[in-house]
Each structure stands twice: as C-alpha cells, then as structure tokens.
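What the coordinates show
Each chain is listed here by its residues.
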Amino acid sequence: MLRIIFSVIKKDLRIFLNYRLNFLLSIFSVFLYTLGIVFFSDSYQFTNGGNPTEVYLYILTGLMVIDMTITCSNASPLALNFYQTSGILDELISNEKRFIIVCISSTFIPLFISITKLFFYLFFSYFFFNIPFVLNEKSLFILFFFIIYFISVIGISLLASCFTIVFKRGNPILQINVLLVTFLGSAFFPVSNIGSTFKFLSNFI
C-alpha cells in the first residue's frame, strides 16, 4: 500500500514541477485576494463597527475551505483522466482496493498546495498588512476541523471519480458540492443569516 501511495505522490509531484509557473501565478493571486479581503474587512468596520481582524480571519477561513474543496476534490477525477489516456485505467479498476488507494493518494499533493497557499495568506497578511495572528485554542480548533473536512473532501472526490468512470462525461458532483459549500456552507457569512428554509441543510454542510 505504501508503495502505491509513494508512486502516486511521486507522479503528481513530477507533474506539479512541470507547471511551476502556474503555481507562481496562483501565489500572486493569493496576494491579490489578501488585498481584497483586507479592503473588505476595513469597509465592514467602517459600516458596521466590527473588528476588521475577526472579519478578515472569518473570510480567510471560508476562502481556504473553498480552495480545499476545489483543489482536493478535483484531484481524483483529473487523475482518472490521466489514467484513461495512458491506458491503465482498466487495470486499476480490476483491483478495487488499489483503485481506492490511488484515488485517495491523488489528493495529497493538492492538499499540500492548499496548505502552502494558506501559509502565503498568513505571510502576506502579517508582513504587508500588519494583521496579527495568535496561535491559541481557537486556531487549533479550526485546524482540527480542517482535517475532518479534508476527510469529507476525499469522500466527495471518490464519488466524483465513480461518476467519471461510469458516465465518462462532465462531472456535476464537483460543481454541486462547490456551490453548496460556497452558498450554504457558511463560508462567507454566518448560518444565522440564512433563512429557516435552508438552515437545516446549511448546518449539515
């Protein structure tokens, strides 16, 4: 099992290194997003009298949830497309255990990319915009839930992979999941702001 995991990570890392320019551009976009969140947080303080740092951290957490959702849940379906074009998909499917391990392993490099983006968000926030960060119980609490959420993202990725294998066409599972997390998952606004009709679904997500 470890041999399969390491071989998948090695393959994904080699592909990642071939697209370093895209990664550098994504880091530049992180700086622009950070700038936008800072401006929005200051505007919120001006209009509502709230704490801009708390608003910033709330939006940043939501943004990282969305980033992890998109980056990690897309990993397995994209890997399957690679295996289809390389002609080894049938061999993988013939061994169910190996197939599941390969799909799960394909999310590790995207997770590393998401964590790296989070580091740059914090770096830009502190050194360019003087937003303080304190490692306390709340920070560890959020980290704990990020780990739990990553496990659920793996489940979504496996469902999307199965859809790709069966129907061999566009994957609505990923789009539906991103839409639900973005608009009903309290990524950018509290659950209390959602009407009673969708409140149960929002709490579940």
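One structure accompanies this document, and this report is about it.

What follows concerns the overall build of the chain. When helices and strands are counted, the chain shows ten helices and zero strands. A burial count over the chain gives 38% of its 205 residues as buried. Carbon and sulfur atoms make up 71% of the accessible area of the chain, which totals about 12,900 Å².

To continue, consider the nonpolar core. If you look at the biggest cluster of nonpolar residues, it comprises 29 residues, and the most contacted ones within it are Tyr56, Met68, Cys72, Tyr121, Tyr149 and Phe150. Those elements that place two or more of their residues in this core are helix H2 (20-48), helix H3 (52-73), helix H7 (108-129) and helix H8 (137-167). Per-element accounting of this core gives the leading share, ten residues, to H3. Counting residues in each nonpolar core, the second largest holds eleven residues, with Ile4, Ile5, Ile101 and Ile165 among its members.

We now examine the packing of aromatic side chains. Taken as a whole and judged by the stated rule, the model has eight aromatic pairs. Aromatic pair Phe31 and Phe124: ring centres 5.3 Å apart, planes at 85°, arrangement edge-to-face. Taken as a pair, Phe31 in helix H2 and Phe124 in helix H7 lie far apart in primary sequence, 93 residues in all. With centroids separated by 5.6 Å and ring planes inclined at 75°, the aromatic side chains of Phe144 and Phe145 adopt a geometry described as edge-to-face. Judged by its relative accessible area of 43%, Phe145 falls in the partly exposed class.

In this structure the tally under the stated criterion is one salt bridge. Notably, a salt bridge pairs Asp67 with Lys117, separated by 3.1 Å at the nearest N-O pair. Highlighted residues: Asp67 in helix H3 and Lys117 in helix H7, separated in sequence by 50 residues. Residues Asp67 and Lys117 agree in their burial class; the two are buried.

Running from N to C, H8 and helix H9 (residues 172-184) point in directions that differ by 150°, and their axes come no closer than 8 Å. Comparing their axes, H9 and H8 come out roughly antiparallel. Of H9, the residues touching H8 (which contributes Tyr149, Ile156, Leu159, Ala160 and Phe163) are Pro172, Ile173, Leu174, Asn177 and Val181. Tallied by class, the residues present in the contact of H8 with H9 amount to nine nonpolar, one polar and no charged.

Thresholds, definitions, all that
- Every residue gets a number counted from 1 within its own chain, in the order that chain's sequence is written.
- It should be noted that, the model being predicted, local features are given only for residues of pLDDT at least 70 and side-chain atom pairs only at 80 or more, the latter also being counted only at that level, while totals for whole chains, interfaces and linings use all residues.
- Calculated side-chain values reflect all of the structure's heavy atoms, with hydrogen atoms and water omitted.
- Secondary structure elements follow DSSP: runs of H or I of four or more residues count as helices, runs of E of two or more count as strands, with numbering from the N terminus.
- Only protein chains enter the accessibility calculation, which uses a 1.4 Å probe. A residue is then buried if its area is under 20% of the maximum for its type, exposed if over 50%, and partly exposed in between.
- Each accessible area is a Shrake-Rupley estimate made with a 1.4 Å probe; only the visible protein chains count as cover when residues are assessed.
- Here, nonpolar core means buried Ala, Val, Leu, Ile, Met, Phe, Trp, Tyr and Cys residues that are tied together by side-chain atoms lying within 4.5 Å of each other.
- Think of it this way: a Phe, Tyr or Trp ring, Trp meaning its six-membered ring, pairs with another when their centres are within 6.5 Å, and the plane angle makes it stacked under 30 degrees, edge-to-face over 60, tilted otherwise.
- Think of a salt bridge as a Lys or Arg side-chain nitrogen and an Asp or Glu carboxyl oxygen that are within 4 Å of each other.
- Axis lines are fitted to C-alpha atoms, over the contacting stretch for helices. Their N-to-C directions set the angle, which ranges from 0 to 180 degrees.
- Every angle not falling under 35 degrees, over 145, or within 65 to 115 is termed oblique; those three ranges are roughly parallel, roughly antiparallel and roughly perpendicular.
- Whether two residues are in contact is decided by their heavy atoms: any pair within 4.5 Å suffices.
- Side-chain classes follow a simple rule in which Ala, Val, Leu, Ile, Met, Phe, Trp, Tyr, Cys and Pro form the nonpolar group, Asp, Glu, Lys and Arg form the charged group, and the remainder, Gly included, forms the polar group.

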